[in-house]
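Listed below are the residues making up each chain.
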Amino acid sequence: MTANTMKAIQQDRFGGPEVLRYDDAPIPELKPGEVLVRVHAVGINPPDWYLRDGYKMLPPAWRPQLTFPLILGTDISGVVASVADDVGAFTVGDEVYAMTRFPDGAAGGSRAYAEYVSVPASDVALKPAGIDHVHAAAAPMSLLTAWQFLVDLGHDEPNPLQPTRHEPVPLVGRTVLVNGAAGGVGHFAVQVAKLKGARVIAIASGKHETLLRELGADEIIDYTKTAPEDVVRDIDLVVDSVGGPTTDRFLRTIRRGGALFPVFPLGFSSAEEARRLGVTVSATQVRSNGAQLAELGRLLDDGTIRVVIDSTYPLADAGRAHERAARGHIQGKLVLEVR
Ligand SMILES: NC(=O)c1ccc[n+]([C@@H]2O[C@H](COP(=O)([O-])OP(=O)(O)OC[C@H]3O[C@@H](n4cnc5c(N)ncnc54)[C@H](OP(=O)(O)O)[C@@H]3O)[C@@H](O)[C@H]2O)c1
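Residues numbered from 1 in each chain as written. Predicted model: local features only at pLDDT ≥ 70, side-chain atom pairs only at ≥ 80, totals over all residues. Heavy atoms only, no water.

Draft legend 1. Structural context of the side chain of histidine 166. Tracing the sequence through the fold places histidine 166 in the loop between α3 (140–150) and β8 (175–179). Only 2.8 Å separates the side chain of histidine 166 from the backbone oxygen of phenylalanine 149, close enough to count as a polar contact. Aside from chain neighbours lying at most four places away, what touches histidine 166 is Gln148, Phe149, Leu153, Asn159, Phe261, Ser282, Ala283 and Thr284. (Helix = DSSP H or I, 4+ residues; strand = E, 2+ residues; numbered from the N terminus. Polar contact = N/O pair within 3.5 Å; in protein donor to acceptor, adjacent residues only side chain to side chain. Contact = heavy atoms within 4.5 Å.)

The structure is reproduced here in structure tokens:
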């Protein structure tokens with residue numbers, strides 16, 4: 001390694017976890033509007049393995065064109081190593097966390113699985129002092145997703161998933177059902193819905209019951225024993241953080257005038273039935289937002305929102321972390337430790 005190189009996880013072709021290699025890469029050059037962060041921890045998210053694999057779940061025309069070697073990853077926590085001249089909000093030595101360039105960098109521009117990453121200052125917030133880098137790196141994408149779906153979209157960009165803007169719905173006194181409740185997005189959605197005054201029914205496999213009670217779930221349905229769509233009715237809002245083609249079955253659990261938010265909306269095919277039942281179906285794509293991370297940082301700092309860690313791996317073992325992800329049933333988040 002020379003003065004201008006760092007260690008990073010790179011890949012030269014699409015494929016399984018075996019394509020990820022730990023190797024030297026150039027330290028990113030700082031551009032106007034950016035800060036360079038010495039990364040301490042990297043949070044792992046589903047777009048990482050979608051990109052690793054070449055976004056095979058998307059129709060061919062939608063798959064991003066990109067150049068190799070590729071560096072995956074969006075979510076980081078670390079220490080500011082340098083700051084562009086036009087950035088006044090951060091100084092060298094600040095502890096920060098961020099979701100880097102998403103979705104603009106989703107085709108390989110975010111490059112977080114590395115010792116250094118350059119981040120637009122507008123994506124960055126001071127790390128909550130009350131949590132360590134592992135917990136801070138675990139939060140950004142999953143927590144911003146829960147927040148932007150449930151509380152505040154936080155931007156006016158066009159919605160790539162539907163012609164209309166995604167609008168959160170009132171939560172106080174409402175019953176919210178969260179599917180995939182123990183996963184990255186789900187465990188934050190449970191806490192955010194509770195924080196905003198909802199009664200929460202959490203759906204997860206039974207091993208997550210104790211955790212979900214600790215996070216505030218009022219009722220838990222173990223989907224391995226009971227099909228939730230057979231036992232719940234009159235729900236105000238379903239947040240389906242599993243999503244895909246099985247989202248449709250939740251329509252019959254929702255009251256007329258209620259809403260279904262499929263966090264992974266590809267495969268939803270019952271728009272006509274939703275209209276007939278009077279259920280609003282709405283999704284959005286999470287966007288980087290340093291101001292929202294600053295606001296959420298206060299809730300992480302004082303423990304109002306808790307970050308749950310499934311497991312951690314050294315950066316060099318990113319492939320093993322992706323193998324863990326492929327086994328499913330994640331409780332909270334997977335994180336790579338960089339130092
Ligand atoms: N719209 C956006 O911008 C956006 C942003 C972030 C993520 N997403 C999408 O949201 C989805 C979830 O992401 P994530 O990071 O939360 O994933 P994750 O951490 O892997 O969590 C998925 C959770 O779902 C549970 N699960 C699996 N099968 C289930 C089933 N049939 N019924 C109920 N629960 C089930 C799993 O545990 P158990 O099976 O043990 O309960 C796991 O806890 C992904 O598809 C991701 O691409 C979308």
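Draft legend 2. Representation of the domain arrangement of the protein chain. Split by domain assignment, the protein chain resolves into domain 1 (5–145 + 286–337) and domain 2 (167–281). Its C-alpha centre places domain 1 at a distance of 27 Å from the equivalent point of domain 2. At the junction of the two partners, domain 1 supplies 20 residues and domain 2 supplies 19 residues. Taken over both partners, the interface formed by domain 1 and domain 2 buries close to 1,500 Å², and the fraction arising from carbon and sulfur atoms is 67%. Sorting the residues of domain 1 by area buried against domain 2 places Arg306, His329 and Gln331 first, and these three jointly supply 34% of that buried surface. Where domain 1 meets domain 2, there are one salt bridge. One salt bridge connects arginine 306 with glutamate 214, and the closest N-O pair in it is separated by 2.9 Å. Here domain 1 and domain 2 share seven residue pairs in polar contact (both at pLDDT 80 or more) between them. Examining the composition of the side of domain 1 that touches domain 2, we find that three residues originate from one element, α3, more than from any other. Residues of the side of domain 1 that touches domain 2, tallied by class, amount to twelve nonpolar, six polar and two charged. (Domains from an automatic or database assignment. Buried area = accessible area lost by both parts, 1.4 Å probe. Salt bridge = Lys/Arg side-chain N within 4 Å of Asp/Glu carboxyl O. Nonpolar A, V, L, I, M, F, W, Y, C, P; charged D, E, K, R; others polar.)

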